[in-house]
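Chain by chain, the residues run as shown.
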Amino acid sequence: MGEQAERGREPEPGREAAREERRRQFAAAAREERPDLALLCLLIAAEADPSLDQAGIDAAQIELDRLAGLLPYQPAGGPGAWARNVAELLGTRHGFGGSAGDYRRLESSLLHEVLRRRRGLPILLSVVWAEVARRAGAPVYGVALPGHFVVGFGDPGGRHVLADPFEGGRLLADQDAAMIVAGATGEALSPAMLSPAGPLEIVQRILNNIRAWAQARPEHSAVQLWALDLSLLLPAHPARLRHERAQLLVQRGEFLAGAAELEEYARVVEPVQPAAATALRREAAAARARLN
């Protein structure tokens, strides 16, 4: 994919301490009472781009503050006015948006690169929209529609509007949201789908996107590995991610480490799924056998 993907490979020895410190910071930030979404996204980006140091993280936060300062304060017109003002600032004046080609780039999932390129996946553009609007005082929240992330302005249970940052902040009517859901799942739009997405839900979804990007490109298995590592640092995560990590280690030729993880996962699932634990131990034995 280019330079950013190359940076996803194994770190140089001198960078290991910095990586461990970033991961400690990520784990601590994820456990805050009010997690800082922008910081968590930037710490994800630092895994892909080791040159993104604390100064770079601070610069990205300052850019979000700067953009927020360009918005009118408490515009008349309620949620719709907020949505239109943010779309005019970010979509029209600054050119933030997305296209099909952005799905092929790892940079589209890295917040500092999205701020630099003004291109990204729907969820990262929604992070920019939400973080800029929030700093300006807007009642804004992310909406994890199936297959397409958008933002909401106003009261999720009352008067609100939806906007699509991927299309420059285009306002979405109810039928537009329904069409997005139907296209992704074949299902009807339900009120639960319009619920605000919390910061950690957004972070997990971003990491899922990065894992999916890397899974489709086996030469970038190191990217998949660090995305799994960060997912496992979140306070709540699917247990199956541990199995995926163990299998990935084996695929990368790290047979002993993969076998050890498989056995540890077997201990976790054995009380509720003894048959699955037995299968996992067989998988671990097969991994060790590959050393002979």
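The structure we're discussing is the one just above.
Model, not experiment: these values are computed from the prediction. (Residues numbered from 1 in each chain as written. Predicted model: local features only at pLDDT ≥ 70, side-chain atom pairs only at ≥ 80, totals over all residues. Heavy atoms only, no water.)

### Some remarks on the packing of aromatic side chains
Consideration 1: Using the criterion set out here, one finds 1 aromatic pair in the structure.
Consideration 2: Between the aromatic rings of tyrosine 103 and phenylalanine 166, the centroid separation amounts to 5.7 Å while the plane-to-plane angle is 65°, which identifies the pairing as edge-to-face. Taken together, the residues tyrosine 103 in the loop between helix H5 (78–93) and helix H6 (111–117) and phenylalanine 166 in the loop between strand S3 (160–164) and strand S4 (170–172) connect sequence positions 63 residues apart.
Consideration 3: What makes tyrosine 103 partly exposed here is its relative accessible area of 41%.
Consideration 4: Phenylalanine 166 sits in the buried class, given a relative accessible area of 13%. (Phe/Tyr/Trp six-rings, centres within 6.5 Å; stacked < 30°, edge-to-face > 60°. Helix = DSSP H or I, 4+ residues; strand = E, 2+ residues; numbered from the N terminus. Buried < 20%, exposed > 50% of the residue type's maximum accessible area, 1.4 Å probe, protein only.)

### Observations concerning unusual backbone geometry
Consideration 1: In this structure, glutamine 74 is a non-glycine residue whose phi angle is positive, near 45°.
Consideration 2: Counting through the fold element by element, glutamine 74 comes out in the loop between helix H4 (54–69) and H5.
Consideration 3: Residue class for glutamine 74 comes out exposed when judged on its relative accessible area of 56%.

### Side note on the pairing of S3
Consideration 1: The pairing of strand S2 (residues 148–154) with S3 spans 4 bridges and is antiparallel. Looking at the pairing, phenylalanine 153 lines up with valine 161 of S3.
Consideration 2: With antiparallel pairing between neighbouring strands as the criterion, S2 and S3 make up a hairpin whose turn holds 5 residues.
Consideration 3: Examined bridge by bridge, S3 and S4 share 3 bridges and lie antiparallel to one another. (Pairing = 2+ DSSP bridges.)

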